[in-house]
Amino acid sequence: MDLNTITEIARPRRRTDVAGWRSGDAWLAGGTWLFSEPQPKLARLIDLTGFGWQRIEITAHGLEIAATCTIAELDATTLPRNWAAAPLFNQCCRAFLASFKIWNMATVGGNICMSLPAGPMIALTAALDGLCTVWTPAGGERQVAVADFVTGPQRNALLPGELLRSIGLPASALMRRTAFRQISLTPLGRSAALLIGTRCPRSGGFAVTVTAATSRPIRLAFPAVPEPEVLRARIEAEIPGTLYYNDVHGAPAWRRHMTFHFAEEIRRELAEAS
Amino acid sequence: MSFVVNGTHHAARPRPGQCLRTFLRQLGWFGVKKGCDSGDCGACTVLLNGEPVHSCLLPAFRAEDREVTTIEGLAANGELHPMQRAFLQAQGYQCGFCTPGMIMTAASLNQSHRQDLAFALKGNLCRCTGYRAIEDAIRGVGDVDAGDGAAPCGRNVPAPAGPAVVTGQQRYTLDIVVEGLAHMKLVRSPHAHARIMAIHKEAALAVPGVCAVFTYEDAPARRFSTAGTGASIC
């Protein structure tokens with residue numbers, strides 16, 4: 001929709017071009033959320049595409065995803081054959097409520113910064129030990145784990161004027177086997193529970209990341225695949241009832257039930273020999 | 001800003017917060033429909049450098065130096081695009097409002113999308129068809145009996161508006177430009193269950209461009225309805 005209060009589009013090419021952050025500013029990446037609702041408090045959009053960031057970098061250390069990388073670009077990326085987690089990328093892209101056409105515009109960084117419980121890029125990157133690189137207004141940068149970046153529904157660790165620059169996924173996490181489970185109240189609907197399990201081929205370490213069911217991502221790590229009761233007790237201890245999300249896409253009690261159900265399915269799947 | 005729409009070069013500057021959908025319609029491309037305005041319905045689907053996008057979500061300035069294809073530009077050299085022909089053959093529309101966006105989306109589907117049409121079409125809403133005729137169109141099923149000039153009785157004859165619908169030439173209320181037309185905005189009370197004692201119009205009348213403000217005080221004591229027989233309601 002038209003954002004009629006916007007009076008200026010800033011299009012910086014370099015970081016030093018970014019003038020002082022002020023009230024009424026917003027970073028513009030894909031724009032798929034900004035342009036989907038009235039934004040009466042905004043006056044200036046700062047377009048990130050002018051930075052020309054390389055969207056995807058594959059190195060020996062892992063994968064570096066620019067915040068401006070679109071969902072379509074991420075989904076189309078061919079990953080090294082020894083990265084067993086590769087199927088997870090398409091599974092998470094398909095977990096978007098939005099059409100595949102939106103994938104051509106929406107960005108990975110935008111989805112993480114929206115910080116909705118059902119954000120599938122949050123699920124993907126939190127499950128793979130993602131590390132956010134954040135630019136600070138003073139010209140510095142800091143790093144925050146994705147699992148700590150999202151602090152609640154539409155709340156995150158960004159301070160005014162800070163910018164999510166990129167998300168790094170370590171190669172060690174990308175080499176893990178994964179298991180994916182997702183459910184919605186309606187076919188192809190918004191995720192009400194999205195759980196991802198990983199298992200390290202070397203150490204045998206197991207982790208399950210709970211998103212969509214909870215207000216923020218919860219990652220539970222174990223040195224090995226736990227026994228069912230151990231996993232259950234850990235979920236019980238670390239996800240209190242109040243943390244299960246409550247909206248029209250699912251009641252907290254159902255989301256809690258699905259969390260336990262999926263976690264056990266994932267445990268069984270990853271306990272099997274690859 | 002310079003960009004190309006359906007092979008036509010445009011040099012025009014959008015407003016800073018304008019979306020591509022509004023900008024295209026302002027330039028006369030009314031085949032780009034205004035639907036939900038929030039990226040859900042797909043009626044505004046266009047191709048940007050060949051990729052399908054919802055133009056209501058795309059900042060208009062992002063079209064700079066790029067090529068936009070709307071439903072009006074899908075046909076080439078006077079020949080309908082195969083998907084436009086398929087929608088005619090299957091009568092893949094009813095009111096036809098969603099059809100331009102539906103065809104733009106359908107024309108961009110790859111084989112993988114066609115294996116899962118429910119997924120591929122979840123960004124296009126149709127209130128009329130139930131999607132059966134749309135699926136027929138995409139799968140190449142023809143539902144029309146052309147009849148080669150025979151009497152139409154007992155045959156599935158095509159809707160007369162079909163050619164205009166599949167090419168984006170069919171005009172709907174929002175597509176009609178009337179010079180100097182005043183628009184009405186309904187303003188509701190922000191307070192549920194409040195009892196209105198008085199309405200002050202001064203602030204609204206001071207807004208540039210506002211012609212008049214009507215309130216309950218302007219409602220006639222004797223009311224008429226256009227519903228049913230149009231008889232007066234006492």
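Rules of the game
Residues numbered from 1 in each chain as written. Chains lettered and ligands numbered in written order. Predicted model: local features only at pLDDT ≥ 70, side-chain atom pairs only at ≥ 80, totals over all residues. Helix = DSSP H or I, 4+ residues; strand = E, 2+ residues; numbered from the N terminus. Buried ≥ 20, exposed ≤ 12 C-beta atoms within 10 Å, placed from the backbone. Contact = placed C-beta atoms within 7 Å. Nonpolar A, V, L, I, M, F, W, Y, C, P; charged D, E, K, R; others polar. Pairing = 2+ DSSP bridges. Axes fitted to C-alpha atoms, helices over the stretch in contact; angles between N-to-C directions. pLDDT = per-residue confidence, 0-100. Domains from an automatic or database assignment. Arc of directions from axis to C-beta.

As a further point, take the overall build of chain B. When helices and strands are tallied, chain B shows 8 helices and 7 strands. Once the C-alpha set of chain B is aligned to its principal axes, its extents read approximately 65 × 50 × 35 Å. Within chain B, the proportion of its 234 residues that are buried is 37%.

Our next topic: the interface of chain A and chain B. By a widely used convention, the size of an interface equals the accessible area lost when the partners come together. Taken together, the 24 residues of chain A in the interface contact 25 residues of chain B. Mapped onto the side of chain A that touches chain B, the elements with two or more residues apiece are strand E1 (8-10) and helix H3 (100-103) of chain A. With 3 residues, H3 of chain A is the single largest residue contributor to the side of chain A that touches chain B. Across the side of chain A that touches chain B, the residue classes tally to 12 nonpolar, 8 polar and 4 charged.

Looking now at the sheet that holds strand E3 (residues 45-48) of chain B. Residues and elements named next belong to chain B. The strand order E2-E1-E5-E3-E4 describes an open sheet built from 5 strands, whose pairing is mixed. The open sheet is flanked by strand E2 (8-11) and strand E4 (51-54), the only strands paired with a single partner. For this sheet, the mean angle separating the axes of adjacent strands, direction not counted, is 35 degrees. Relative to E4, E3 runs antiparallel, the two being bridged by 4 bridges. Bridging across to E4, Val46 finds its partner in Val53.

Our next topic: unusual backbone geometry. Positive phi, normally seen in glycine, also occurs at Ser115 of chain A, with a value near 55 degrees. Its place among the elements puts Ser115 of chain A in the loop between helix H4 (108-114) and helix H5 (120-127). What makes Ser115 of chain A buried here is the crowd of 21 C-beta atoms within 10 Å. Despite not being glycine, Asn6 of chain B shows a phi value in the positive range, around 50 degrees.

As a further point, take the confidence of the model for chain B. On average, residues of chain B carry a pLDDT of 91, and 94% of them reach 70 or more. In the predicted assembly, ipTM is 0.93 and pTM is 0.89.

Residue and element names in this part refer to chain A. Most of H5 is tucked away, with 8 of its 8 residues classed as buried. Along H5, the residues that are buried comprise Pro120, Met121, Ile122, Ala123, Leu124, Thr125, Ala126 and Ala127. A positive backbone phi angle near 55 degrees is found at Asp129, which sits one or two residues after H5.

On to the domain arrangement of chain A. What the domain assignment lists for chain A is domain 1 (8-50), domain 2 (51-172) and domain 3 (174-271). Here the C-alpha centroids of domain 1 of chain A and domain 3 of chain A sit 35 Å apart.

All names here are of chain A. For helix H2 (residues 87-94), the set of buried residues is Leu88, Phe89 and Cys92. Projected onto a plane normal to the axis of H2, the buried residues spread over an arc of 105 degrees and lie on a single side. Those residues of H2 hidden inside the fold are in contact with helix H1 (71-76), H5, strand E11 (177-184) and strand E12 (191-199).

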